[in-house]
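Observations on chain architecture
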Amino acid sequence: MKKIGEGWQYSAYDLGNGRVFKKFHSPLKTYWVILKDIFPFRDDPLTKLPSFARSSKRKALASFEILKTRNIPSSWIGNPKLFENLNYEQDKANPLHDVFAQGDTASIKSIIDQFVIFNKKLLEVGIIDKSFNITKNYGLNEKGELILIDIGELFDNPERINKQLIDRAWDRNYVSGHIQNKEAQEYFIKKMDENFGIQK
């Protein structure tokens, strides 16, 4: 298997058959990956590392339970096959950070429109991706369809969902800030505010 990506929770491996295997990190690996990401601690102090690591596993465990109990169309999340130890297999997709890097403003805006529609559908079944992390947690499958590729950060608790909407979770540096095209970034924030914003 060829390693093709890594996040706070998982390493992704290409199985060579149109599918990827997502392996949940060991505790030591989790610490190391998060440490590399938050260094040199401008935004997050080193003392946050243990809580980040614990939260990472907690979210994955909760997400697996959500996947087992909620009626989520399998195609929306890459037709996953869940294994023990929080590992899973899923359809291969092109992450949106790669798609956006190669796209022009018009094409990125079109995907953002699809993203809004897609997340409205997720909300209708009672779930959200924790931060609406468009560039990292979503991708286009081989048919060019938008899917959720990170299924380890799902929320289904109405209070937690409302808090994310009120707090405008999409307008964070690690979410909207990773849309490098500034016009598209502003369009993303505007569309998310219009469709998901809740007044405090």
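An account of the accompanying structure is given in this report.

Basis of the calculations
All residue numbers refer to position in the chain's written sequence, counted from 1. Local features are withheld for residues below a pLDDT of 70 in this predicted model, meaning they are given only at 70 or higher, and side-chain atom pairs are given and counted only at 80 or more; totals for whole chains, interfaces and linings count all residues. Here the side-chain values reflect all heavy atoms present in the structure, with hydrogen atoms and water set aside. When accessible area is computed with a 1.4 Å probe and restricted to protein chains, residues below 20% of their type maximum are described as buried, those above 50% as exposed, and intermediate ones as partly exposed. Every helix listed is a DSSP run of H or I at least four residues long, and every strand listed is a run of E at least two residues long, numbered separately from the N terminus. Any two strands between which DSSP finds at least two bridges are classified as paired. Salt bridge, as applied in this entry: a Lys or Arg side-chain nitrogen positioned within 4 Å of an Asp or Glu carboxyl oxygen. Working convention: axes come from line fits to C-alpha atoms, limited for helices to the stretch in contact. Angles between N-to-C directions cover 0 to 180 degrees. Working rule for angles: under 35 degrees goes down as roughly parallel, over 145 as roughly antiparallel, 65 to 115 as roughly perpendicular, anything else as oblique. Handedness of a crossing is defined here by the sense of rotation of the near helix relative to the far one, left-handed for an anticlockwise turn of less than a right angle and right-handed for a clockwise turn. A contact between two residues is defined here by any heavy atoms of the two lying within 4.5 Å. Amino acid classes used here: Ala, Val, Leu, Ile, Met, Phe, Trp, Tyr, Cys and Pro are nonpolar; Asp, Glu, Lys and Arg are charged; the rest, including Gly, are polar.

A few words on the pairing of strand β3 (residues 19-24). The element β3 is largely enclosed, with a buried count of five among its six residues. Here strand β2 (residues 10-14) pairs with β3 via five bridges, running antiparallel. Looking at the pairing, Ala12 lines up with Lys22 of β3. The hairpin formed by β2 and β3 contains four residues between the paired strands, and Gly16 there has a positive phi angle of roughly 80°. Here β3 runs beside strand β5 (residues 88-91); their pairing, made up of four bridges, is antiparallel. What sits directly across from Arg19, in β5, is Asp91.

This next bit is on the pattern of salt bridges. One pass over the full model with this rule turns up 14 salt bridges. A salt bridge links Glu6 to Lys36, with the shortest nitrogen-to-oxygen separation between them at 3.7 Å. In this pair, Glu6 sits in strand β1 (residues 2-6) while Lys36 sits in helix α1 (residues 27-38), placing the two residues 30 residues apart along the sequence. Assessed through its relative accessible area of 35%, Glu6 is described here as partly exposed.

Relative orientation of the contacting elements helix α4 (residues 105-124) and helix α7 (residues 182-196) amounts to 25°, with a least axis distance of 10 Å. Regarding the angle of α4 to α7, the classification is roughly parallel. Note on packing geometry: the crossing formed by α4 with α7 is right-handed. Together, Thr105, Ile108, Lys109, Ile112, Asp113, Phe115, Val116, Asn119, Lys120 and Leu123 of α4 and Glu183, Ala184, Tyr187, Phe188, Lys191, Met192, Asn195 and Phe196 of α7 make up the contact between the two elements. Taken together, the residues of the contact of α4 with α7 sort by class into ten nonpolar, three polar and five charged.

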